[in-house]
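Single-letter residue listing:
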2 protein chains.
Amino acid sequence: MNASEKTAITALGKFRLIDRLAEIVELKQPSTVKGIGDDAAVIRYENAETVVSAELFLEGVHFDLTYTPLKHLGYKLVTAGVSDIYAMNATPRQILLSIGLSKRFFVEDVEELYAGVKIACERYGLELAGGDTTTSLTGLALHITAIGEAPKEKLTYRSGGKKTDLLCLTGDLGAAYMGLQLLEREKRVFDGNPQKQPQLEGFDYILQRHLKPEARKDIIAALAQQHIVPTSMIDVSNGLASDALHLCRQSKCGVRIYLERLPISSETFRFADEIHIDAVTAALHGGDDYELLFTVPVSLYDTICKELPDVDVIGHLCDASEGAYLLTPDNQAVALTAQGWKAD
Amino acid sequence: MNASEKTAITALGKFRLIDRLAEIVELKQPSTVKGIGDDAAVIRYENAETVVSAELFLEGVHFDLTYTPLKHLGYKLVTAGVSDIYAMNATPRQILLSIGLSKRFFVEDVEELYAGVKIACERYGLELAGGDTTTSLTGLALHITAIGEAPKEKLTYRSGGKKTDLLCLTGDLGAAYMGLQLLEREKRVFDGNPQKQPQLEGFDYILQRHLKPEARKDIIAALAQQHIVPTSMIDVSNGLASDALHLCRQSKCGVRIYLERLPISSETFRFADEIHIDAVTAALHGGDDYELLFTVPVSLYDTICKELPDVDVIGHLCDASEGAYLLTPDNQAVALTAQGWKAD
């Protein structure tokens, strides 16, 4: 659709825009007493704690609209929000979505973004229960508040890990970072020669991991089915090294992670080779993976291996005095360090 | 403090910055099961509904840092967040604060912002229970999620107004808008001649209304003391006209507002005269007032007048078929219209 065929937001007005967006996402949650259309959303959970998380997504920092479709962006924003709720071993139920729109956005663009939000809401069972809509003088600004519930005895904090617990990780690492590198490379090629078509073939997995990541609803369900409540849990969004250190610090433990156990996809290795980046570095510091890192008592080793096929035991906690180290296959111990200031 | 004496955020690192901010605001709420330091905040209210609101504040749209002190900005952000909670006749308890920082911000600047947040948290009895901290490539981006509670029977929606109810308003209108006009005028003067000192004397009230507005915690307390639960309520943040129309639409009613009953401060009149703006227009469309507009049964007229000194009865609801009108002292009926697209 050309810009000339699109509807200006000023032509529709803020409040009619909000009405239109509310119609796109009309899923209902029994726990939503009042959704969009009042000063605040009203929620009631029965016999459960309320869990609330916040994520701010800014253009140029968290996403580049030259290669990020708006529908994917809406989906990814919801993934980022609910991933934090799953990391508490809780069930997300509602989201509030705030959006700052610059002049280059038309009503149809916002609808496209909300179409992605809707798909994510359906997948995760969420109601869009409120938010804020405003203008932006700079880029697109997005914020998600995710709200969920868990019975007290199921809630899992970062702080519950014990010093002999196994360290478990879902999925694989570094792929989202590699997908971003691929898109950035093709953007540079395109900037140099706009006739050139982007070369993205053969890298579907890493692209999908960057553009349309999934939160691990399936793992939370699988843990519940096995009656496993992890002793501690965190979502891996800043990179494994940084997030493992958070978990250790809060659990007052040290950690040993076995390098050869880090799950890394073949596409991640292949593209890392192609651009001469170390795939392990991407896995440790890449970020944006939205996987879950959790600990369980060592007695659950067999259950984890047999019943949770997408979970790897990558190491174990130890006494805080023993520090946090990565062990290489030739038994070198490399101190685990977090990166400094990072966007996410 | 000169920039050269300040601490770069990169020097401190994201996570140490968060720790430092958490120390500034260390108020505790019994209902916060877990505050800052995990993937999400955990909240438990006993026998009450949970109320959640969201506000996005973007540089250049909601605030201008050339004349807005960061401490005031932090305070105002919290005011905007909790005003929505009070508008539900609920009590705010927690906030999540998300912040996108561009390179020109130093650690001391962020601490200044949080010092304002802290003062507001103390005033409103809030705990800063989480949020998100990230970089911004454009301006300063702020988001507040305010969370509160109310027993079901006290919760007040926009939709409960009845067709003979009195329309009541707290405080006065248009002053925040006039304060903004004054600051914008002095900025233009300064841009033209940087030697010139800003002329702000005699306008303390309108400046304070723009720079450090208060949410009406006192009114919610006064209503509770009088055992009054309004039939409907909304906070006046988009301008009286727009917000009154929202209330009417949701309550399926019309409205009559008496022009001569609109509360407007003498400073608002005085500065409006000075810059040749109609003070009533500012009152109707100015926005950013953070006052409460609510309805009560007509039988409460005497109680409202006697027991709630900072509340004015400015009109009444009527049948939807009678429309929404402003009545002038000479009995002209002017249709109430909302502005189009507005920042807030």
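Residues numbered from 1 in each chain as written. Chains lettered and ligands numbered in written order. Predicted model: local features only at pLDDT ≥ 70, side-chain atom pairs only at ≥ 80, totals over all residues.

### Some points on the sheet that holds strand β5 (residues 127-135) of chain A
For clarity, the threshold we go by: By this definition, two strands are paired if DSSP reports at least two bridges between them. Helical segments are the DSSP runs of H or I of at least four residues, strand segments are the runs of E of at least two, and each set is numbered from the N terminus. To get an axis, fit a line to the C-alpha atoms, keeping to the stretch in contact for a helix; angles then go from 0 to 180 degrees between the N-to-C directions. Any residue pair is listed as a contact if its two C-beta atoms, each placed from the backbone, are within 7 Å.
On the basis of which strands lie adjacent, the open sheet formed by six strands has the order β5(A)-β4(A)-β6(A)-β3(A)-β2(B)-β1(B) and mixed pairing. Of all strands in the sheet, those bounded by a partner on one side alone are β5 of chain A together with β1 (32-34) of chain B. If you compare each strand with its neighbour and ignore which way they point, the axes differ by 25 degrees on average. Across ten bridges, strand β3 (residues 49-58) of chain A lies against strand β6 (residues 141-150) of chain A in antiparallel orientation. The partner of V52(A) across the bridge, within β6(A), is I147(A). Contacts between helix α3 (residues 70-86) of chain A and the sheet are confined to β3, β4 (91-101) and β6 of chain A, with β6(A) contributing the most and set at about 35 degrees to the helix.

### Looking at the domain arrangement of chain A
Residues and elements named next belong to chain A. Using the following cut-off: Residue ranges for the domains trace back to a domain assignment, done automatically or taken from a database.
Once the domains are mapped, chain A shows domain 1 (3-150) and domain 2 (158-335). One C-alpha centre belongs to domain 1, the other to domain 2, and the line joining them spans 27 Å. Each partner contributes to the interface: domain 1 provides 15 residues, whereas domain 2 provides 18 residues. It is α3 that provides the largest number of residues to the side of domain 1 that touches domain 2, a total of nine residues.

### A word on the interface of chain A and chain B
Of the residues lining the interface, 56 residues belong to chain A; the matching set on chain B comes to 56 residues. The element that contributes the greatest number of residues to the side of chain A that touches chain B is β3(A), accounting for nine residues. Summarising the sheet, strand β2 (residues 41-43) of chain A and strand β3 (residues 49-58) of chain B pair through three bridges and their orientation is antiparallel. Its bridge partner being in β3(B), I43(A) is matched across the sheet by T50(B).

### Here we look at the nonpolar core
As a reminder, the rule being used: We define the nonpolar core as any set of buried residues of the types Ala, Val, Leu, Ile, Met, Phe, Trp, Tyr and Cys, connected via C-beta atoms lying within 7 Å of each other. To sort residues by exposure, count the other C-beta atoms lying within 10 Å of each residue's C-beta; 20 or more gives buried, 12 or fewer gives exposed, and values between give partly exposed, all with C-beta atoms placed from the backbone.
Among the nonpolar cores identified, the biggest contains 214 residues, and V78(A), L293(A), V78(B) and L293(B) are the most heavily contacted of them. With residues up to four places along the chain from it excluded, the contact list for L293(B) reads L169(B), M233(B), I234(B), V236(B), L240(B), D243(B), A244(B) and L247(B).

### Quick word on the packing of helix α2 (residues 14-24) of chain A against helix α4 (residues 107-124) of chain A
Residue and element names in this part refer to chain A. Here is the rule we go by: Roughly parallel means an angle under 35 degrees; roughly antiparallel means over 145; roughly perpendicular covers 65 to 115; every other angle is labelled oblique. Each crossing gets its hand from how the near helix is turned against the far one by less than a right angle, where anticlockwise is left-handed and clockwise is right-handed. Gly is put with the polar residues, along with every residue not named as nonpolar or charged; the nonpolar set is Ala, Val, Leu, Ile, Met, Phe, Trp, Tyr, Cys and Pro, and the charged set is Asp, Glu, Lys and Arg.
Their axes nearest at 9 Å, the elements α2 and α4 cross at an angle of 30 degrees. Classified by the angle between their axes, α2 and α4 sit roughly parallel to one another. As for how α2 packs across α4, the hand of that crossing is right-handed. Residues L17, L21 and I24 of α2 lie in contact with α4, whose contacting residues are V107, V110, E111, Y114, A115 and K118. Looking at the contact of α2 with α4 residue by residue, the classes come out as seven nonpolar, no polar and two charged.

### Re the relation of the copies chain A and chain B
The condition that has to hold: What sets the superposition is a least-squares fit of C-alpha atoms, and only residues with pLDDT of at least 70 in both copies go into it.
The two copies are related by a screw motion: chain A maps onto chain B through a turn of 180 degrees and a shift of 0.0 Å along the axis, at an RMSD of 0.0 Å. Here the two chains are linked by the operation of a two-fold rotation axis. No C-alpha of chain A approaches the rotation axis more nearly than that of T138(A), which lies at 3.1 Å. Most of the interface of chain A is mirrored in chain B, where 100% of its interface residues are also at the interface.

### Looking at the environment of G148(A)
All names here are of chain A. Note that G148 resides in strand β6. Judged by the 29 C-beta atoms lying within 10 Å of it, G148 is buried. Beyond its immediate sequence surroundings of up to four residues, G148 is in contact with V51, I85, A90, T91, P92 and R93.

### Some details on the packing of helix α5 (residues 175-192) of chain A against helix α9 (residues 266-274) of chain A
Residues and elements named next belong to chain A. One way to put it is that α5 packs onto α9 with a least axis distance of 9 Å and a crossing angle of 40 degrees. On the basis of their axis angle, the class for α5 and α9 is oblique. Handedness of the crossing formed by α5 with α9: left-handed. Contacts between α5 and α9 involve A175, M178 and L182 from the former and E267, T268, F271 and A272 from the latter.

### Let's talk about the sheet that holds strand β8 (residues 232-236) of chain B
Within a sheet, each strand pairs with its neighbour through backbone hydrogen bonds, oriented either parallel or antiparallel. All names here are of chain B. The seven strands lie next to each other as β8-β10-β7-β11-β9-β12-β13, forming an open sheet whose pairing is mixed. Each of the sheet's edge strands pairs with one partner strand only, and the pair in question is β8 and β13 (333-335). The average undirected angle you get between the axes of adjacent strands in this sheet is 25 degrees. Pairing analysis gives five bridges linking strand β7 (residues 166-170) to strand β11 (residues 311-319), with the strands arranged antiparallel. Looking across to β11, one finds that L169 is bridged to D312.

### A closer look at the environment of G323(A)
Residues and elements named next belong to chain A. With respect to the element layout, G323 can be found in the loop between β11 (311-319) and β12 (324-327). C-beta crowding within 10 Å serves as the criterion here: with 14 such atoms nearby, G323 is assigned to the partly exposed category. Through-space distance from the C-alpha of G323 to that of G130 is 44 Å; in sequence the pair is 193 residues apart.

### Quick notes on the confidence of the model for chain A
Residues and elements named next belong to chain A. This is how it is decided: Predictor confidence is given residue by residue as pLDDT, running from a minimum of 0 to a maximum of 100.
A residue-level look at chain A finds 98% of positions with pLDDT of 70 or above and a mean pLDDT of 92. Low confidence marks residues 340-344, where pLDDT is under 50. Its contacts with residues over four positions away, or in another chain, come to 18 contacts. If you check the scores for this complex, the pTM reads 0.93 and the ipTM reads 0.92.

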